[in-house]
Amino acid sequence: MKLDEINNKLTKLAFERTIPFCYGCYIDCPEGRCKECGTDDLMRHLPGVGVEYGTDWVIESIVSVEVEPIDTEEIFEQMIDESYGEEIQIGFIKSNVSCAIKALDPIAWDIAKTEYIDGLIQDEQIVEIDGENYWIHDLEGLS
Ligand SMILES: [Zn+2]
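It is worth spelling out the domain arrangement of the protein at this point. What the domain assignment lists for the protein is domain 1 (3–66) and domain 2 (72–140). Between the C-alpha centres of domain 1 and domain 2 the distance comes to 37 Å. The partner domain 2 presents 8 residues to the 7 residues of domain 1 that form the contact. Between domain 1 and domain 2 lies a buried interface of about 770 Å² when both sides are counted; carbon and sulfur atoms form 74% of it. Together, L3, I6 and V63 form the three largest contributors to the area buried by domain 1 at its contact with domain 2, with a combined 60%. Put simply, domain 1 and domain 2 have 0 salt bridges between them.

Following this line, the structure appears as C-alpha coordinates:
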(Lines give C-alpha, C1' and ligand atoms only; values in the text may rest on other atoms or scores of the structure.)
Protein backbone atom coordinates (compact mmCIF):
# COMPACT_ATOMS: atom_id res chain seq x y z
CA MET A 1 0.00 0.00 0.00
CA LYS A 2 1.08 3.56 -0.62
CA LEU A 3 1.36 6.11 2.16
CA ASP A 4 -1.84 8.00 1.27
CA GLU A 5 -3.79 4.72 1.18
CA ILE A 6 -2.42 3.87 4.61
CA ASN A 7 -3.37 7.32 5.93
CA ASN A 8 -6.89 6.89 4.56
CA LYS A 9 -7.12 3.44 6.08
CA LEU A 10 -5.96 4.68 9.50
CA THR A 11 -8.34 7.63 9.42
CA LYS A 12 -11.22 5.30 8.52
CA LEU A 13 -10.18 2.99 11.37
CA ALA A 14 -10.09 5.96 13.77
CA PHE A 15 -13.70 6.80 12.84
CA GLU A 16 -14.80 3.18 13.18
CA ARG A 17 -13.22 2.76 16.62
CA THR A 18 -14.61 6.00 18.06
CA ILE A 19 -18.03 7.43 18.84
CA PRO A 20 -19.02 11.05 18.20
CA PHE A 21 -19.11 12.87 21.53
CA CYS A 22 -20.68 16.15 22.70
CA TYR A 23 -18.31 17.75 25.19
CA GLY A 24 -20.92 20.30 26.34
CA CYS A 25 -23.43 17.62 27.35
CA TYR A 26 -20.70 15.02 27.99
CA ILE A 27 -22.54 12.25 26.15
CA ASP A 28 -21.92 9.93 23.21
CA CYS A 29 -23.84 10.92 20.10
CA PRO A 30 -23.67 7.89 17.80
CA GLU A 31 -26.14 9.52 15.40
CA GLY A 32 -23.61 12.26 14.62
CA ARG A 33 -25.71 15.01 16.22
CA CYS A 34 -26.23 15.63 19.93
CA LYS A 35 -29.73 14.66 20.99
CA GLU A 36 -29.53 17.05 23.99
CA CYS A 37 -28.32 20.30 22.45
CA GLY A 38 -28.48 19.55 18.73
CA THR A 39 -24.87 20.42 17.92
CA ASP A 40 -22.92 18.53 15.27
CA ASP A 41 -19.62 20.02 16.49
CA LEU A 42 -18.56 16.78 18.06
CA MET A 43 -15.36 15.33 19.47
CA ARG A 44 -14.32 11.68 19.04
CA HIS A 45 -14.60 9.33 22.02
CA LEU A 46 -12.18 6.39 22.06
CA PRO A 47 -13.55 4.14 24.81
CA GLY A 48 -11.02 3.57 27.57
CA VAL A 49 -8.69 6.26 26.25
CA GLY A 50 -10.40 9.64 26.12
CA VAL A 51 -12.20 12.31 24.16
CA GLU A 52 -10.69 14.93 21.85
CA TYR A 53 -11.30 16.59 18.50
CA GLY A 54 -9.80 15.07 15.37
CA THR A 55 -8.45 11.64 14.53
CA ASP A 56 -4.64 11.99 14.70
CA TRP A 57 -4.58 11.22 18.43
CA VAL A 58 -6.82 8.18 17.84
CA ILE A 59 -4.46 6.86 15.17
CA GLU A 60 -1.45 7.43 17.45
CA SER A 61 -3.18 5.59 20.27
CA ILE A 62 -4.23 2.58 18.14
CA VAL A 63 -0.83 2.25 16.47
CA SER A 64 1.18 2.59 19.69
CA VAL A 65 -0.87 -0.15 21.37
CA GLU A 66 -1.25 -2.59 18.45
CA VAL A 67 1.82 -2.26 16.24
CA GLU A 68 5.43 -2.95 17.15
CA PRO A 69 7.70 0.01 16.32
CA ILE A 70 10.86 -0.62 14.31
CA ASP A 71 14.17 -0.98 16.08
CA THR A 72 16.08 1.22 13.60
CA GLU A 73 19.45 0.26 15.05
CA GLU A 74 18.69 -3.41 14.50
CA ILE A 75 17.50 -3.10 10.90
CA PHE A 76 20.49 -0.95 10.00
CA GLU A 77 22.86 -3.48 11.58
CA GLN A 78 21.24 -6.26 9.55
CA MET A 79 21.52 -4.27 6.34
CA ILE A 80 25.21 -3.50 6.97
CA ASP A 81 26.07 -7.08 7.89
CA GLU A 82 24.21 -8.36 4.81
CA SER A 83 25.93 -5.84 2.55
CA TYR A 84 29.48 -6.20 3.84
CA GLY A 85 29.59 -9.74 5.18
CA GLU A 86 29.10 -10.80 8.75
CA GLU A 87 32.67 -10.96 9.93
CA ILE A 88 35.86 -9.08 9.27
CA GLN A 89 39.30 -9.47 10.62
CA ILE A 90 41.23 -6.45 11.83
CA GLY A 91 44.74 -7.51 12.71
CA PHE A 92 44.35 -10.37 15.15
CA ILE A 93 40.69 -9.76 16.12
CA LYS A 94 37.48 -10.77 14.40
CA SER A 95 34.37 -8.66 14.61
CA ASN A 96 31.12 -8.35 12.78
CA VAL A 97 31.14 -5.36 10.45
CA SER A 98 28.49 -3.28 12.20
CA CYS A 99 30.20 -3.62 15.61
CA ALA A 100 33.51 -2.62 14.07
CA ILE A 101 32.07 0.50 12.40
CA LYS A 102 30.25 1.54 15.58
CA ALA A 103 33.43 1.20 17.62
CA LEU A 104 35.71 2.90 15.07
CA ASP A 105 33.44 5.78 14.09
CA PRO A 106 30.15 6.07 16.00
CA ILE A 107 29.34 9.43 14.39
CA ALA A 108 29.66 8.03 10.85
CA TRP A 109 27.49 5.12 11.98
CA ASP A 110 24.73 7.42 13.22
CA ILE A 111 24.81 9.59 10.09
CA ALA A 112 24.62 6.56 7.80
CA LYS A 113 21.82 5.04 9.88
CA THR A 114 19.77 8.24 9.71
CA GLU A 115 20.27 8.40 5.94
CA TYR A 116 19.22 4.77 5.57
CA ILE A 117 16.05 5.25 7.62
CA ASP A 118 15.23 8.51 5.79
CA GLY A 119 15.59 6.59 2.52
CA LEU A 120 13.07 3.99 3.69
CA ILE A 121 10.69 6.80 4.70
CA GLN A 122 11.09 8.47 1.26
CA ASP A 123 10.47 5.06 -0.31
CA GLU A 124 7.23 4.80 1.68
CA GLN A 125 8.33 1.57 3.35
CA ILE A 126 8.44 3.18 6.77
CA VAL A 127 6.23 5.85 8.29
CA GLU A 128 6.87 7.89 11.41
CA ILE A 129 3.93 8.20 13.78
CA ASP A 130 4.24 10.08 17.05
CA GLY A 131 8.03 9.79 17.13
CA GLU A 132 8.24 6.07 16.35
CA ASN A 133 8.94 4.36 13.03
CA TYR A 134 6.64 1.65 11.69
CA TRP A 135 6.73 -0.63 8.66
CA ILE A 136 3.89 0.32 6.35
CA HIS A 137 3.17 -3.38 5.77
CA ASP A 138 2.63 -3.80 9.53
CA LEU A 139 0.03 -1.00 9.48
CA GLU A 140 -1.79 -2.65 6.58
CA GLY A 141 -2.80 -5.46 8.93
CA LEU A 142 -4.73 -3.21 11.33
CA SER A 143 -8.49 -3.59 11.25
ZN1 LIG B 1 -24.81 18.36 23.38
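Throughout the structure, instances matching the rule amount to 4 aromatic pairs. Ring geometry for F21 and Y26: centres 4.9 Å apart, planes at 85 degrees, overall edge-to-face. Classification of F21 by relative accessible area gives buried; the value is 4%. Among the aromatic residues, those joined into a cluster by ring pairs are F21, Y23 and Y26.

Before going further, it helps to examine the coordination of the zinc ion. Taken together, C22 (SG), C25 (SG), C34 (SG) and C37 (SG) make up the full set of protein donors to the zinc ion, lying 2.3 Å away. Coordination at the zinc ion is tetrahedral, judged from the 4 donor atoms that bind it and the angles of 108 to 113 degrees they form at the metal. Coordination of the zinc ion draws on donor residues from a single chain, spaced C-x2-C-x8-C-x2-C in sequence.

Calculation criteria
- Residues numbered from 1 in each chain as written.
- Predicted model: local features only at pLDDT ≥ 70, side-chain atom pairs only at ≥ 80, totals over all residues.
- Heavy atoms only, no water.
- Domains from an automatic or database assignment.
- Contact = heavy atoms within 4.5 Å.
- Buried area = accessible area lost by both parts, 1.4 Å probe.
- Salt bridge = Lys/Arg side-chain N within 4 Å of Asp/Glu carboxyl O.
- Phe/Tyr/Trp six-rings, centres within 6.5 Å; stacked < 30°, edge-to-face > 60°.
- Buried < 20%, exposed > 50% of the residue type's maximum accessible area, 1.4 Å probe, protein only.
- Donors = N, O, S within 2.8 Å, 3.2 Å for Na, K, Ca; no water.
- Tetrahedral: all angles 85-135°; square planar, octahedral: opposite > 155°, others 65-115°.

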